[in-house]
Structures are given as C-alpha cells and as structure tokens.
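# Structure assessment
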Amino acid sequence: MTGSAAFTPQEGGHGRELQWLGTAPCASRLLRRERRAPLALVSHAALCSADDLSDDDPTRTPNPMSVRVRFAPSPTGYLHIGGARTALFNWLYARHTGGTFILRVEDTDAARNSQEAVNVILDGLRWLGMDWDEGPLTADATGPSKGDRGPYFQSQRKENYARRVEALLSRGLAYEKDGAVRFRMTREPVLIRDLVVGDVTRALTDREEADPDFVIMRSDGSPVFHFVNVVDDLEMGITHVIRGEDHLSNTSKHVALFQAFGVEPPKYAHIPLILNADGSKMSKRDDGAALAYYTENGYAPEAVLNYLCLLGWSPKDGREVIPLKQLIADFDLPQILRHNARFDHEKLKWMNGEYLRAMPADRFYELSVHTLARAGVDTNRFPTAYVKAALDTCMGKLRILTELPAYGGFYFTDPVALDAEAKAALTPEARERLKKLRDAYAGLAEFSAANLEAALKETAKSLGVKNGVLVHPARFACTGRPSGPSLYHLMEVLGQDRVLARMDAALAV
RNA sequence: GACCCUAUCGUCCAGCGGUUAGGACACCGCCCUUUCACGGCGGUAACCGGGGUUCGAAUCCCCGUAGGGUCGCCA
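Scope of this entry: the structure provided in the associated data block. (Residues numbered from 1 in each chain as written. Chains lettered and ligands numbered in written order. Predicted model: local features only at pLDDT ≥ 70, side-chain atom pairs only at ≥ 80, totals over all residues. Heavy atoms only, no water.)

### A closer look at the packing of helix α20 (residues 449-463) against helix α22 (residues 487-494)
We count it as follows: Axis geometry follows a simple rule: fit a line to the C-alpha atoms, using only the stretch in contact for helices, then measure angles between N-to-C directions, giving values from 0 to 180 degrees. In this text, helices come from DSSP runs of H or I with a minimum length of four residues, and strands from runs of E with a minimum of two, each type numbered from the N-terminal end. Roughly parallel covers angles under 35 degrees, roughly antiparallel covers those over 145, roughly perpendicular covers 65 to 115, and oblique covers all other angles. Crossing handedness is defined as follows: a turn of the near helix away from the far one that is anticlockwise and smaller than a right angle gives a left-handed crossing, while the clockwise case is right-handed. Contact definition: two residues touch when any of their heavy atoms are within 4.5 Å. Side-chain classes follow a simple rule in which Ala, Val, Leu, Ile, Met, Phe, Trp, Tyr, Cys and Pro form the nonpolar group, Asp, Glu, Lys and Arg form the charged group, and the remainder, Gly included, forms the polar group.
Following both chains from N to C, one finds α20 and α22 inclined at 120°, their axes separated by 8 Å at the closest point. Here α20 is positioned oblique relative to α22, judged by the angle of their axes. Crossing of α20 against α22: the hand is right-handed. Within the contact between the two elements, α20 uses A449, L452, E453 and L456 and α22 uses L487, Y488, H489, M491 and E492. Partitioned by chemical class, the residues of the contact of α20 with α22 number six nonpolar, one polar and two charged.

### Describing α22
The α-helix winds at 3.6 residues per turn, so residues separated by three or four positions along the chain end up facing the same way. Convention followed: Only protein chains enter the area calculation, which uses a 1.4 Å probe; residues under 20% of their type maximum are buried, those over 50% are exposed, and those in between are partly exposed.
For α22, the tally of buried residues reaches six of eight residues, placing the bulk of the element in the interior. Of all the positions in α22, only L487, Y488, L490, M491, V493 and L494 are classed as buried.

### Overview of the packing of helix α5 (residues 81-97) against helix α12 (residues 301-309)
Interaxial distance between α5 and α12 falls to 10 Å at its minimum, and their mutual angle equals 85°. The orientation of α5 relative to α12 falls into the category roughly perpendicular. Across the interface between the two elements, I81, A84, R85, L88, F89 and L92 of α5 pack against L305, L308 and C309 of α12. Considering only residue class, the contact of α5 with α12 consists of eight nonpolar, no polar and one charged.

### A look at the pairing of strand β7 (residues 190-194)
Test applied: Here the rule is simple: two strands pair whenever DSSP picks up at least two bridges between them.
Going residue by residue along β7, you find V190, I192 and D194 tucked away on one face and L191 and R193 left uncovered on the opposite face. In this sheet, strand β8 (residues 198-202) lies alongside β7 in antiparallel orientation, the contact comprising five bridges. Looking across to β8, one finds that D194 is bridged to G198. The turn linking β7 back onto β8 is made up of three residues.

### A look at helix α21 (residues 467-479)
Going by this rule: Multiply 1.5 Å by the residue count of a helix minus one, and that product is the helix's expected span.
For α21, spanning 13 residues, the distance from its first C-alpha to its last is 18 Å, which sits close to the expected 18 Å at 1.5 Å a residue. L470, V471, P473, A474, R475, F476, A477, C478 and T479 are the residues of α21 that are buried. Buried positions along α21 lie against α18 (420-425), α19 (428-442), α20, α22 and α23 (496-508). Two residues or fewer past α21, G480 is found with a positive phi of approximately 80°.

Written out as structure tokens, the structure reads:
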C-alpha cells in the first residue's frame, strides 16, 4: 500500500505548541500596555503579501514532522464567510505550530467550475492576508503551483483516485454495482476522536443500517467527495483536518476509508458553524454571507480577520482587538468552542472602527481613496496634499469606510448639495448672521483653524449669540449636512476661496 | 424517521464544584465637546426546564425541550 508511505506522523507540531504557550503570556502583557502600536502592525501584516509573513520567518523551515493542514474549498463563485473562517483557523494553526498551510481546490464539479470562481477564492484569501505554502499560484487548474504534493486541483488528480479505487477493489474492500463502485462500510459504530468536540461515537442511522455501503466512484467513472477528500488528505500528508461541524457525521466514513487504506486517520477538529443574527442558517443570499460583501462595503481586512477568529474562539484573557502576531501566538485548537455562533454585524463595525482609527495614515488614505472612487468621487482631480489633509479630518470618525462619501465627500464636490435639514436651518435670521461671519472670514489674512475659530467667536460675541448659533449655519453652508469633521479644521482644509463661495451659495438659495 | 453536536445577558465570549456570575458589542443615563465620533463614569440585562450526584452545581450525570448538522452516483 502506497498509502502508509505517503502518510506522515502527526505528533510533530506539539513541541512547538508548548514553546508558544510558554511565551504567550509574556507577550500579551507587553501588548496590553501599548495598544496602538501593535494595531498598526496588524494592518501592515494583513496588507503585505504572503511573503512578508512566511518566507522570511525562520520558524517556517520545512519540517517533515510538522503540522500539515489544508483548506479545500469548492469553487462555487463566492467565498462563504464560514469558509473564510475555516481557512483562517487552518491558517492560524499552521502559523502557530510552524506547520504548512495547503490550499487545495475541489473542482470536481465541472458544472460550476471556472477560473473566475477559483479567483474569487484566491482573491478572498489574499485579501484577508492568508498566504498558502502549497497550492495553486493561479486560477488555472493546469497552471503553476507551489509545493511537491500537487497537483492541487482535484480535476488534475484523476489517476490517483482511479488507482485508489483499484486498490480497494482488488482487496475486496469495495465492489461494483450498477456500474458504480461502492465501499464496504463497517456496520460498527465508529469512534471519532475530535480535538474540539471530544470523542464521538457515530452509530449508523436507520437508512444506513439498511445499506451501510456508499458509492465512492460513480458509474461515469468520477469519484465522489468523501472519497477524493480522503485520498487527497492521505496523499498530501494532512495531519489535522480542521473543518466545519457539518462534516462531523460524515467523518465516520472518512475514518473507515483511512482504515481501509491501512493508515491512521488525521486528527480532526470540527469547528462550530456561523449563523445569521436570528440564528438561522447562513445561506448564499443572506447579507454578509459572502466575503465579497466585506471587501465591497468598507471593511478593513484586518478587522474582518480579527472579528472572524473571535467567533468560536477567544484568548483566555478577554482581549478582543488583537494584533495578528498575537493571534498567531495565542491561537490553539483546545480553546475552540463547540457551539455555533451568530454573526453580529454591529460588533464587526465597531471592530472595524477600531482598526480604522488605529491604522497608519497612509493605509487610511489608500482605503479611503478606493472607497471614494467606488462611490463616484474622484479625488485625482485634487492635489495630493489637499486630499490627505481632507482625509486627516475624517480619520478616526468612521466605523466603516462606506460612511466616508457622505461624511467627507463635500471636500471633493462643488457645489455642495444642501440637505433638507440644512435648508430648514437657514432661516432669514440665520442667513443674516452667516453673512456677518462670511464677511469676517473674507477679511482673514491667514485662513487657519485657529483664526477661523477666533473670528467666529468674535462674530458671535458682537452679535450677542452663542457660538453654536454661527457654527451650525457655517457647517451647513460648507458641507451641506448637520454633522461631519471638526468645523474649523474642515474650513481650513477647504480654503478661503471655497468657504466664501459656499457661504455665498448658501446665502443665495 | 434515525444518527451526531450544542445550550450563560439581545449578540460574541469568561467561568471549568464554593464568584455580589465577569468582559466586549448593542442599548439607556451623565461628563467631555463647534457637529458627529472617540474617550471617561454609571446603568439595564443571562446560567432552557425537570430530576439526580454532592455539605455545596452555571459547572458532573440522566431525561425532556429547543437549535444546528448528517444520513445522495452534491460538495
């Protein structure tokens, strides 16, 4: 049996785990002191391509005894958020143990297989900052890949499956019926030793009782999922199978198959599922079910990644905003919960805001310009210094980037559209006062926030009104809306010409 | 129908035989403040039900109930 030779021992990773456990508490103490700085590291790390986290890292020296985990998605055209978390747990475990993270594409279903669909997966993983040590380099099934256990597309592994079916057939462990090949499944309950769920004894269901055997190769010669999954895991030397709990019941089949091939099955870790906010199953149509929802709706990948790993897992000390490096150091299988989690969009938004606030300015500019462009706001028409100054007044004020066009879009739109509230606020009396302020501003030699503030307060004083009486009409005139960045700073960025012009426009309405 | 998993504030997590059941998001007050946020302070809010075991149960066991998953020539 070539199977036993191909299979690698599974204990290798544990020495490393102990080391990590030993160093983690110390590191976390350091990090709690300085929350800001480590956060910056996260965004940086998530931004960088795979190489930053992998190839330079001395702990990543290939080790035949180490952990080998895989993410094996089917290219369905979208990357489910639950799938992304499964990938994340595998990736974190690999990085935590110094093991190998493998990406394998289960493209056996030709009907819904396309390069676009594969790209959705590759891009999704890259967006989150997850790099794979072995797997495809492009979406082309026949294209280049890295790793010596390929091909990494199931569509390219047909001979392996045929050979394995033959092996089972020749030993009487499988048989042909109606042109299909069926595996002789044990009738005894199967013990599944799960690292998350514990020991599970899976008995046969009533239907299985009637006929426990199952098809491993269809009459058209194509192998079925349970079979290819096991064969690939075996031949790729997978040591730990970390996957959704929806596969737990089927694991008895996989264990039986491994035994038929004469090898110990890998260690299993079935992780809980992600449900909708109302507890229902998250299906393709639900908002936020696809990773693309987050890439397109103003989320920072580092925040999504952080939030995702807190669904079903948490560090012992209750920290929630956790730098990626710390996540890798702390992550481990035994701490994974056994019950499903509901996805809380509000909390993700909060966390996204935390990351947006703490990230380096350049990173914020990059994300912002991209978001504005998507909203039809072209920042390229403005000097870079102006764009940066404008965005500086917005940084720290948003939870998700998609709030930006409404929040700071006025910097790049002329004339500004006054909303209903703004128009209502510009009463004849308010206009009169605004006119006074406009004239005061027209006479300013240096249009700085400090001068603007002083001039406004002076004007208010001479009018005998509170500052707010002038502040609000001024804000409406300049931005068209009741809320936004700091008024004086926003006006400084806008500059004298724009501010006066906008005040004139508001007075003319 | 059978099999498997699960069950602490509305939500995400702490808890692992003895706690005033803790934190975070959200929510509600107050403070800060030119708006909106941030931040600070305070508050509302939970052990699914019933039996055991034990001096003592959110923690262990059993039964119910509820939710989720699985029983394909889908993946």
